[in-house]
Amino acid sequence: MTNRPEVILIAAMSIDGFIAPLDKESLPSTAWTSKEDKDFFSQKSKEIGLMIMGSKTFETIGKALQDRVSIVMTSQPERYTSHNDPDLLFTNETPKEILENLSSQEVEQVALCGGASIYSLFLEKGLVDKMFLTVEPFIFGEGVKLFKGEIEQEFSLLKQNRLNEKGTLLLEYEALG
Ligand SMILES: NC(=O)c1ccc[n+]([C@@H]2O[C@H](COP(=O)([O-])OP(=O)(O)OC[C@H]3O[C@@H](n4cnc5c(N)ncnc54)[C@H](OP(=O)(O)O)[C@@H]3O)[C@@H](O)[C@H]2O)c1
């Protein structure tokens, strides 16, 4: 695939590497991620303009986010026909097919917004170029891991930023090789 859009993974995780706690009802993402991370996510995803996410992550949002187009990956796009919104696209295409279509529309960047299945799917195919990881000072012990399966990819740290007093860290990595 030549000249595909740059894929920028964005995730918030606990110190122990989870993107969601086991009991999501009692601690939804709006409760454990900081205001600074939410602000960063909003600003960065708007700047990129196009988000890719899995259907489970979409279900936690339930609608298009303002000023951004969302591509939602699902094996059953027909289940979502009631969402009649030009900023919401439901697809059962592979990551490669999605990126090829976007290349032909001259899209230069996409934000990969989770969850773990979708992060892993792109990473195992070598399709993640950059990563913004927010580490929130929380420990969950158990939960949804950032990645699943056997994946090996080396990254190099480009920037680190402390976002607030309690020590939320924003780490920016680029993929090597
Ligand atoms: N902290 C963070 O930054 C962050 C970010 C995002 C999400 N999350 C959390 O992550 C959790 C969800 O993660 P998850 O891994 O369970 O689910 P997910 O990645 O959001 O979505 C999984 C779904 O994506 C679809 N899918 C997966 N592979 C596909 C493929 N090859 N082709 C087409 N569709 C495919 C399937 O949808 P169908 O079942 O419809 O076929 C699958 O059930 C939630 O708790 C969410 O809050 C956290």
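Everything below is about the structure printed above this text.
Nothing here was measured: the structure is a model prediction, and the numbers come from that model.

(A) Examining the overall build of the protein chain more closely. When helices and strands are tallied, the protein chain shows five helices and ten strands. What you see for the protein chain is a C-alpha radius of gyration of 16 Å, in line with the 16 Å of a compact globule of 177 residues. Dimensions along the principal axes, computed over C-alpha positions, put the protein chain at roughly 45 × 40 × 30 Å. Scored against the burial criterion, the 177 residues of the protein chain give a buried share of 31%. For the protein chain, contacts bridging at least 24 residues in sequence account for 69% of all contacts bridging at least 6.

(B) Spatial organisation of the site of the ligand. Taken together, the neighbourhood of the ligand is formed by 25 residues, with Gly 54, Lys 56, Ser 75, Gly 114 and Gly 115 sitting nearest. Counting only elements with at least two residues in the shell around the ligand, the list comes to strand 1 (6-14), strand 2 (18-21), strand 3 (50-54), helix 3 (55-61) and helix 5 (116-124).

(C) Region of the structure containing the sheet that holds strand 6 (residues 109-112). Read from one edge to the other, the open sheet built from eight strands follows the order 5-4-3-6-1-7-10-9, with strand pairing classed as mixed. Edge positions in the sheet fall to strand 5 (88-91) and strand 9 (155-162), since each has one partner strand and no second. Neighbour-to-neighbour, the strand axes of this sheet turn through a mean angle of 20 degrees, independent of strand direction. In this structure, strand 1 lies alongside strand 7 (residues 130-136), joined through seven bridges in parallel fashion. Bridged to Met 13 within strand 7 is Val 135. Sheet strands touched by helix 5: strand 1, strand 3, strand 4 (69-73) and strand 6. Its angle to strand 3, the strand with the most contacts, is close to 110 degrees.

(D) Region of interest: the environment of Val 128. One can find Val 128 in the loop between helix 5 and strand 7. As for Val 128 and Tyr 80, which are separated by 48 residues in sequence, their C-alpha atoms are 27 Å apart. The contact partners of Val 128, leaving out residues within four places of it in the chain, are Val 7, Leu 9, Leu 112, Phe 122, Leu 123 and Ala 175.

(E) View of unusual backbone geometry. Residue Gly 115 follows Gly 114 across a cis peptide bond; omega there is 0 degrees. With respect to the element layout, Gly 115 can be found in the loop between strand 6 and helix 5. The phi angle at Asp 67 is positive, at roughly 65 degrees, despite the residue not being glycine. Along the chain, Asp 67 turns up in the loop between helix 3 and strand 4. Classification of Asp 67 as exposed rests on a count of 11 C-beta atoms within 10 Å. Even without being glycine, Glu 106 reaches a positive phi, approximately 60 degrees. By the secondary structure assignment, Glu 106 is in the loop between helix 4 (95-104) and strand 6.

Here is what the cut-offs are and how they apply
Residues numbered from 1 in each chain as written. Predicted model: local features only at pLDDT ≥ 70, side-chain atom pairs only at ≥ 80, totals over all residues. Helix = DSSP H or I, 4+ residues; strand = E, 2+ residues; numbered from the N terminus. Rg over C-alpha atoms; globule rule 2.2 N^0.38 Å. Buried ≥ 20, exposed ≤ 12 C-beta atoms within 10 Å, placed from the backbone. Contact = placed C-beta atoms within 7 Å. Near = placed C-beta within 6 Å. Pairing = 2+ DSSP bridges. Axes fitted to C-alpha atoms, helices over the stretch in contact; angles between N-to-C directions.

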